[in-house]
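The primary structure of each chain is shown beneath.
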Amino acid sequence: MKKIIFMGKTGCGKTTLCQKLDQLELKYKKTQSIDLYTDAIDTPGEYIENRGFYNALIVAASDAKTIGVVYDATQERNYIAPGFASRFPKEVIGIITKINLATETQIDYASEMLGMIGVNKIFKVDTIDNVGIDELFKYLESK
């Protein structure tokens with residue numbers, strides 16, 4: 001069983017988090033299908049942007065201990081349905097990415113949206129500058 005499955009909009013940083021967790025070189029690639037890493041599952045952004053794919057996320061999540069909803073603080077629009085976390089019978093955490101590029105207002109908005117989704121805990125990270133990454137990964141290790 002994987003430690004976490006990352007779900008979120010296209011370009012929000014799911015693949016980068018997977019590469020960081022596995023201590024791989026960071027390389028941008030567009031995730032076209034569900035990808036398995038040593039400790040994580042990466043999902044295409046389209047799966048959360050189109051509610052018709054929610055069932056694919058639910059099925060893929062059965063192989064993970066924790067659900068990580070990744071939210072790009074710089075994005076203009078929320079694509080995730082309120083109450084989304086209630087679909088999963090396990091812990092759902094929120095991960096706000098790109099915080100070094102965002103304003104406090106954008107970060108607060110992202111926190112509010114993740115709260116509406118129903119996450120249990122929120123982590124604020126920036127993968128390029130390694131802000132909040134250690135805290136997130138230590139939390140995942142404890143699970």
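Structure: see above.
Residues numbered from 1 in each chain as written. Predicted model: local features only at pLDDT ≥ 70, side-chain atom pairs only at ≥ 80, totals over all residues. Heavy atoms only, no water.

Q: Would you mind showing me how to read the side chain of threonine 66 here?
A: Here threonine 66 lies in strand E4 (residues 64-72). Accessibility expressed as a relative area gives 1% for threonine 66, which makes it buried. Not counting residues up to four positions away in its chain, the partners in contact with threonine 66 are Lys3, Ile4, Ile5, Glu91, Ile93, Leu140 and Lys143. (Helix = DSSP H or I, 4+ residues; strand = E, 2+ residues; numbered from the N terminus. Buried < 20%, exposed > 50% of the residue type's maximum accessible area, 1.4 Å probe, protein only. Contact = heavy atoms within 4.5 Å.)

Q: How should the nonpolar core be read in this particular structure?
A: Soluble globular proteins: nonpolar side chains tend toward being buried together. Of all hydrophobic cores here, the largest spans 29 residues; its most connected members are Ile5, Met7, Ile67, Val69, Phe84 and Ile117. Broken down by secondary-structure element, the contributors of at least two residues to this core are strand E1 (2-8), helix H2 (46-49), helix H3 (54-61), E4, strand E5 (92-97) and helix H4 (104-117). For this core, the leading source of residues is H4, giving five residues. What isoleucine 5 contacts, discounting residues up to four positions off in sequence, is Ile41, Thr43, Leu57, Ala60, Ala61, Ala64, Thr66, Ile67 and Gly68. In this structure, Phe123, Ile133, Phe137 and Tyr139 belong to the second largest nonpolar core, which totals 18 residues. (Core = buried A, V, L, I, M, F, W, Y, C linked by side-chain atoms within 4.5 Å.)

Q: Please clarify how the pairing of E1 should be interpreted in this entry.
A: Consecutive residues of a regular strand have side chains that alternate between opposite faces of the sheet. Burial analysis of E1 places six of its seven residues in the buried class, the great majority of the element. When E1 meets E4, the two strands line up parallel, connected through six bridges. In the strand pairing of E4, isoleucine 5 is matched with isoleucine 67. One ladder, built from three bridges, connects E1 with strand E3 (residues 40-42); its direction is parallel. The residue bridging isoleucine 5 from the neighbouring strand is isoleucine 41, located in E3. (Pairing = 2+ DSSP bridges.)

Q: Could you clarify how one ought to interpret the packing of aromatic side chains in this entry?
A: When we look at a pair of aromatic rings, we describe it by the centre distance and by the angle of the planes. Applying the stated criterion to the full structure yields four aromatic pairs. Centroid distance tyrosine 54 to phenylalanine 84: 4.9 Å. Interplanar angle 70 degrees. Geometry classified as edge-to-face. Of the two residues, tyrosine 54 sits in helix H3 while phenylalanine 84 sits in the loop between E4 and E5, which places them 30 residues apart along the sequence. You can call tyrosine 54 buried: its relative accessible area is 4%. (Phe/Tyr/Trp six-rings, centres within 6.5 Å; stacked < 30°, edge-to-face > 60°.)

Honestly, it's all geometry; don't read function into it.
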